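One letter stands for each residue in the lines below.
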Amino acid sequence: PSRQSSGRADRHFCGGWVKEMYETGEIPDDLGMDSYILGIPFKRFQFNTHGYKHPSSETNIAKLLGIHFYGYQIIFQYDKKNKHLVEFAKASKSGNFAALFDLSHGAGVLPDEWPKPLDGVYCGYAGGLAPCNVEDNLAKIEPLVGNRRIWIDAETHLRSDDDIKFDLDRVRDFLSVCANRLI
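Residues numbered from 1 in each chain as written. Predicted model: local features only at pLDDT ≥ 70, side-chain atom pairs only at ≥ 80, totals over all residues. Heavy atoms only, no water.

The next point concerns the pairing of strand β5 (residues 122-126). Two faces, one strand: in a regular strand the side chains alternate between the faces of the sheet. Within β5, five of the five residues are buried, which leaves it mostly tucked inside the rest of the structure. Two strands pair when backbone bridges link them, and strand β4 (residues 97-102) and β5 are joined in this way by five bridges, in the parallel orientation. Note that in β5 the partner of L100 across the bridge is G124. Handedness of the crossover joining β5 and strand β6 (residues 150-153) through helix α5 (residues 134-145): right-handed. (Buried < 20%, exposed > 50% of the residue type's maximum accessible area, 1.4 Å probe, protein only. Helix = DSSP H or I, 4+ residues; strand = E, 2+ residues; numbered from the N terminus. Pairing = 2+ DSSP bridges. Right-handed = clockwise from strand over helix to strand, strands pointing away.)

If you want it as structure tokens, here you go:
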């Protein structure tokens, strides 16, 4: 959920595609981006680094933000190993990016403490959020962000016990807890 939903899904990219994009500033041919950009209603593209350092340059990040994703927002995972990606995006002055704090790198583990949002960057929070703890964690995040617009992201604890699909009852419970905080 987000405090202000666009009504569109985010498209997540992982692994070798992300590595290649960061290293070259180009979209890999086998990614089929034309179909995403031309016909599928994604508004944001999230590049998952999963805690692995992804070398890049300010030029390559600017190319990704300015050429390939014009009109779309790119979400960079922000952690100690890859904070340079957000710094490069800030330097590009495109404004067409966001930072996701997921200190568990997609493992669904709550952090010891939530980070403060970055100045001038649209930020999201993820990592271990579940129907049973989202209310308490939003209460911890809220004083850090004040009136800033943020979003939260959850997946691991919304999946079925066999980890094959989303458990819609868990999703409903999660959204029900969040509903009074959404703007």
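Okay, back to it.
Another aspect to go through is the nonpolar core. Residues F47, I61 and F76 are the most contacted members of the largest nonpolar core, which totals 38 residues. Ranked by size, the runner-up nonpolar core spans six residues in total, among them I75, A98, A126 and W151. (Core = buried A, V, L, I, M, F, W, Y, C linked by side-chain atoms within 4.5 Å.)

Moving on, we get to the packing of aromatic side chains. One pass over the structure, following the stated rule, counts eight aromatic pairs. An angle of 75° between the planes, with centres 5.9 Å apart, marks the rings of W114 and Y125 as edge-to-face. In this pair, W114 sits in the loop between β4 and β5 while Y125 sits in strand β5, placing the two residues 11 residues apart along the sequence. One exposure class covers both W114 and Y125, and it is buried. Each ring, one from Y122 and one from W151, has its centre 4.9 Å from the other, and the planes form 45°; the classification is tilted. (Phe/Tyr/Trp six-rings, centres within 6.5 Å; stacked < 30°, edge-to-face > 60°.)

Taken as a whole, the protein shows an average pLDDT of 83; of its residues, 85% reach a score of 70 or greater. Every residue in residues 1-7 is under pLDDT 50, and counting partners more than four places away or in other chains gives 20 contacts. (pLDDT = per-residue confidence, 0-100. Contact = heavy atoms within 4.5 Å.)

The subject of this paragraph is the sheet that holds β6. Strands in a sheet are paired, the pairing made by backbone hydrogen bonds, and the direction either parallel or antiparallel. Spatially, the six strands line up as an open sheet ordered β1-β2-β3-β4-β5-β6, and their pairing is parallel. On the outer flanks of this sheet lie β1 (10-13) and β6, each paired with one strand and no other. Sheet twist, expressed as the average angle between the axes of neighbouring strands with direction ignored, equals 25°. The pairing of strand β2 (residues 44-47) with strand β3 (residues 73-78) spans four bridges and is parallel. Counted as the bridge partner of F47 is F76 from β3. In the packing of α5 onto the sheet, the strands contacted are β5 and β6, and the crossing angle to β6 comes to about 150°. (Axes fitted to C-alpha atoms, helices over the stretch in contact; angles between N-to-C directions.)

Our focus in this paragraph is the packing of α5 against helix α6 (residues 168-178). How two helices pack is summed up by the angle between their axes together with the distance between the axes. Here α5 crosses α6 at 40°, and the two axes come no closer than 9 Å. In terms of orientation, α5 lies oblique with respect to α6. Considering the relative orientation of α5 and α6, their crossing is right-handed. Residue-level inspection shows V134, E135 and L138 of α5 in contact with α6, the latter providing F174, V177 and C178. Classifying every residue of the contact of α5 with α6 by side-chain character gives five nonpolar, no polar and one charged. (Parallel < 35°, antiparallel > 145°, perpendicular 65-115°, else oblique. Left-handed = near helix turned anticlockwise from the far one by under 90°. Nonpolar A, V, L, I, M, F, W, Y, C, P; charged D, E, K, R; others polar.)

Another aspect to go through is the environment of K80. Among the structural elements, K80 can be located in the loop between β3 and α4 (83-92). In this structure K80 comes out as exposed when scored by relative accessible area, which is 80%. Sequence spacing of K80 and Y52 is 28 residues, and the spatial spacing of their C-alpha atoms is 9.9 Å.

Considering all chains together, one arrives at seven salt bridges under this definition. For K63, the salt bridge identified is with E26, shortest N-O distance 2.9 Å. Separated by 37 residues along the polypeptide, K63 in helix α3 (residues 58-68) and E26 in the loop between α1 (15-24) and α2 (33-39) bring together distant segments of the chain. On the accessibility criterion, K63 (24% relative accessible area) is partly exposed. Note that R170 is salt-bridged to D161, the shortest N-O span being 2.5 Å. By relative accessible area, which is 73% here, D161 ends up exposed. Overlapping salt bridges bring together E155, R159 and D163 as one network. (Salt bridge = Lys/Arg side-chain N within 4 Å of Asp/Glu carboxyl O.)

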